[in-house]
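The primary structure of each chain is shown beneath.
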Amino acid sequence: MARILDGNALSKIIKGEIKAEILREKLQVGLAVVLVGDDPASHIYVKHKKNDCAECGIVSYEHVLPGDTTTEQLLALIDRLNANKDVNGILIQQPLPPQIDLTAANERIDPLKDVDAFRADNVGRITIGEYALPSCTPAGVMEMLRRAEIAVAGKNCVVVGRSNIVGKPMAMLLLHEHGTVTICHSRTANLREVCKSADILVAAIGRANFITADFVKPGAVVIDVGINKNEQGKLCGDVDFAAVEKIAGAITPVPGGVGPMTRAMLVRNTLTARGMQG
Ligand code: NAP
């Protein structure tokens, strides 16, 4: 049976470290989370983020805008948050309603307050390996590997998914740790065989239980980023956990794996951003 990489337990340790630093340095740190519309899942994510902030001694500012908000109205709020010295990080919860220009919104965030690295310049910094604010989900995965003492250097790493917020930065962070990285997507030929070559397999697809045991090399480390609902409406990942845990060397559960680590990295990035703002 695989070793379970427990994101809940690890994220608690990390949040404890962040809280200790904030208390020791007597810092005032603030994170603004902007929600547009009434997507139920987004409301739950925002509630979790508020709780994480409270746990760490970070002040959270929640801005809930109606679903018919225009891009101009959202940009005006971002301008106010950029100017507010009490706000060290700004996160715009996705998905946004279709009338909003997501790129314009991301690019309007002060680069020093871009705590999930959505801006193109911050993405570029991640690509060249000179970044202070990594994308939260890939950073959470890397932290999990580091603290579990799973070495990346020289390993075959396969990332399934090429989104700008997960797949691509994930591949970059693995590459910076000297993994040999392959990125797969919906047009990859022989996906099963490519996945089976992985020592470290990261699934960021968004399809329930897509990665079955025949995609996984025995002993591989399997990181499940996906958040889906199965046919019974229960939360599950992209990996068929019950089957894959029998052959993997290590595996993250869903829930309780990458999700809490992502949120821990958001508060950590907010603290880092506070330091960058002087
Ligand atoms: P996304 O933007 O929809 O990207 C999904 C990727 O999966 C795309 O690159 C797509 O390929 C690829 N894909 C889809 N079907 C495939 C198939 N049959 N075979 C191979 N590749 C396939 O999603 P995302 O934002 O990256 O998120 C991915 C998942 O992670 C979602 O379940 C999301 O909810 C979850 N997520 C979790 C966290 C967390 O903290 N745990 C954070 C963010 C996201 P193409 O590019 O070719 O379309």
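Please refer to the structure placed before this passage.
Once a new chain begins, its residue numbering starts again from 1 and follows that chain's sequence as written. It should be noted that, the model being predicted, local features are given only for residues of pLDDT at least 70 and side-chain atom pairs only at 80 or more, the latter also being counted only at that level, while totals for whole chains, interfaces and linings use all residues. Side-chain numbers here rest on the full set of heavy atoms in the structure, without hydrogens or water.

**Q** Before we move on, could you go through the site of the ligand and cite the residues and values that matter?
**A** Any residue with a heavy atom lying within 4 Å of a molecule or strand is counted as near it. The ligand sits among 21 residues. The nearest are R162, S163, S186, I227 and T262. Within the side chain of S163, one N or O atom sits 2.5 Å away from an oxygen atom of the ligand. Pairs of N or O atoms within 3.5 Å make up the polar contacts considered here, provided that, within protein, one atom can donate a hydrogen while the other can accept it, and that residues adjacent in sequence are counted only when both atoms are side-chain atoms. Within the contact set of the ligand, a nitrogen atom lies 3.4 Å away from a backbone nitrogen or oxygen of H185. Burial of the ligand by the surrounding chains reaches 71%, relative to a free accessible area of 930 Å². In this analysis a 1.4 Å probe is tested at points of a 1 Å grid over the protein atoms alone, and where it fits but cannot get out there is a cavity; an open set with protein on both sides within 12 Å along at least five of seven lines is a pocket; lining residues have an atom within 4 Å of a point. Each molecule is checked against the cavity or pocket grid, and it sits inside if more than half of its atoms lie within 2 Å of the grid points. Put simply, the ligand lies in the largest pocket. Per-element accounting of the shell around the ligand gives the leading share, 3 residues, to helix α10 (residues 258-276). Residue composition of the shell around the ligand, by class: 9 nonpolar, 10 polar and 2 charged. Only the protein chains shown count as covering a residue, and every accessible area follows the Shrake-Rupley method with a 1.4 Å probe. Only runs of H or I of at least four residues qualify as helices and only runs of E of at least two qualify as strands under DSSP, and these elements are numbered from the N terminus. In this count, Pro and Cys sit with the nonpolar residues alongside Ala, Val, Leu, Ile, Met, Phe, Trp and Tyr, while Asp, Glu, Lys and Arg are called charged and the others, Gly among them, polar.

**Q** Could you give an account of the sheet that holds strand β1 (residues 3-4), naming the residues involved and the relevant values?
**A** Spatial ordering of the open sheet is given by β1-β11-β8-β7-β5-β6, a layout of 6 strands whose pairing is parallel. Each end of this open sheet is capped by a strand with a single partner; those strands are β1 and β6 (180-184). By definition, two strands form a pair when at least two bridges between them are found by DSSP.

**Q** Go over the layout of surface pockets, please, and point to the residues and values.
**A** Grid points are joined across faces, edges and corners, and a volume is the space filled by probe spheres set on the points. Considering only enclosed or pocket space, the largest pocket measures out at about 1500 Å³ in volume. Residue composition of the lining of the largest pocket, by class: 23 nonpolar, 18 polar and 7 charged. Roughly 230 Å³ of volume is contained in the second largest pocket. Around the second largest pocket, the lining residues are Q94, L102, T103, N106, E107, A117, F118, R119, A120, V123, N164 and I165. Elements with a contribution of two residues or more to the lining of the second largest pocket: α4 (102-108) and α5 (120-128). Looking at the lining of the second largest pocket element by element, the count peaks at 4 residues for α4. For the lining of the second largest pocket, the per-class residue count stands at 6 nonpolar, 4 polar and 2 charged.

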